[in-house]
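# Structural features, examined
The residues making up each chain are set out below.
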Amino acid sequence: YSGVRPLPRSTTGANAAISRDHSLAWHHHQTIPVLTLVGGKLTTWRSFAEEVTTHVLGKLGRLRLADTRTRVIPGNDPLPDGATVDAPGQCRLG
């Protein structure tokens, strides 16, 4: 792990002043909507992914049918009681 983090463009002079929070921005390439994801941290990737999903589902007029709150994060050892490994990198609770 190199510790490199993408930062949003900023007009401030110091990199230390740039927010480390993540952000989402909708753009259009001709008639195609494009969602740009910027920033964030490895420790917040799951909540960021759910936020992205909420935005995309909203654009599509769809409701969320599932979330990842109870899913085991691959590489989390030891596994919780009752969890099994289905395939390399995949775990199931229950």
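Details of the structure are given in the entry above.
Our subject in this report is the structure included herewith. What you see is a predicted model, and the numbers here were worked out from it, not measured in a lab.

Here we come to the overall build of the protein. Within the protein one finds one helix and four strands. If you list the helices and strands of the protein from N to C, you get β-β-α-β-β. The burial tally for the protein puts 12% of its 94 residues in the buried class. In the protein, the proportion of contacts linking residues at least 24 apart, taken out of those at least 6 apart, comes to 22%. Per element, the accessible surface of the protein, about 7700 Å² overall, is 56% carbon and sulfur.

Both strand 1 (residues 23-29) and strand 2 (residues 32-38) contribute to a ladder of seven bridges, which runs antiparallel. Of the residues in strand 2, the one forming a bridge with His-28 is Pro-33. The antiparallel pairing of strand 1 with strand 2 creates a hairpin that spans two residues between the two strands, and Gln-30 there sits at a positive phi of about 60°.

Turning our eyes to something else, we now look at the packing of aromatic side chains. Summed over the entire model, instances satisfying the criterion amount to zero aromatic pairs. Seen from the ring of Trp-26, Lys-59 lies directly overhead, with NZ or CZ sitting 4.7 Å from the centre.

Within the element layout of this structure, Arg-9 appears in the segment before strand 1. As a C-alpha pair, Arg-9 and Val-38 span 29 residues in sequence and 9.6 Å in three-dimensional space.

We now examine helix 1 (residues 45-60). Taking 1.5 Å per residue, 16 residues should reach 22 Å; helix 1 reaches 22 Å between its end C-alpha atoms and fits that length. Looking at helix 1, one finds that the buried residues are Arg-46, Phe-48, Glu-50 and Val-52. Those residues of helix 1 hidden inside the fold are in contact with strand 1 and strand 2.

About the cut-offs
Residues numbered from 1 in each chain as written. Predicted model: local features only at pLDDT ≥ 70, side-chain atom pairs only at ≥ 80, totals over all residues. Heavy atoms only, no water. Helix = DSSP H or I, 4+ residues; strand = E, 2+ residues; numbered from the N terminus. Buried < 20%, exposed > 50% of the residue type's maximum accessible area, 1.4 Å probe, protein only. Contact = heavy atoms within 4.5 Å. Areas by Shrake-Rupley, 256 points an atom, 1.4 Å probe, with all protein chains shown as cover. Pairing = 2+ DSSP bridges. Phe/Tyr/Trp six-rings, centres within 6.5 Å; stacked < 30°, edge-to-face > 60°. Lys NZ or Arg CZ within 6 Å of the ring centre and 35° of its normal. Expected span 1.5 Å × (residues − 1).

Don't take any of this as a statement about function, it's just geometry.
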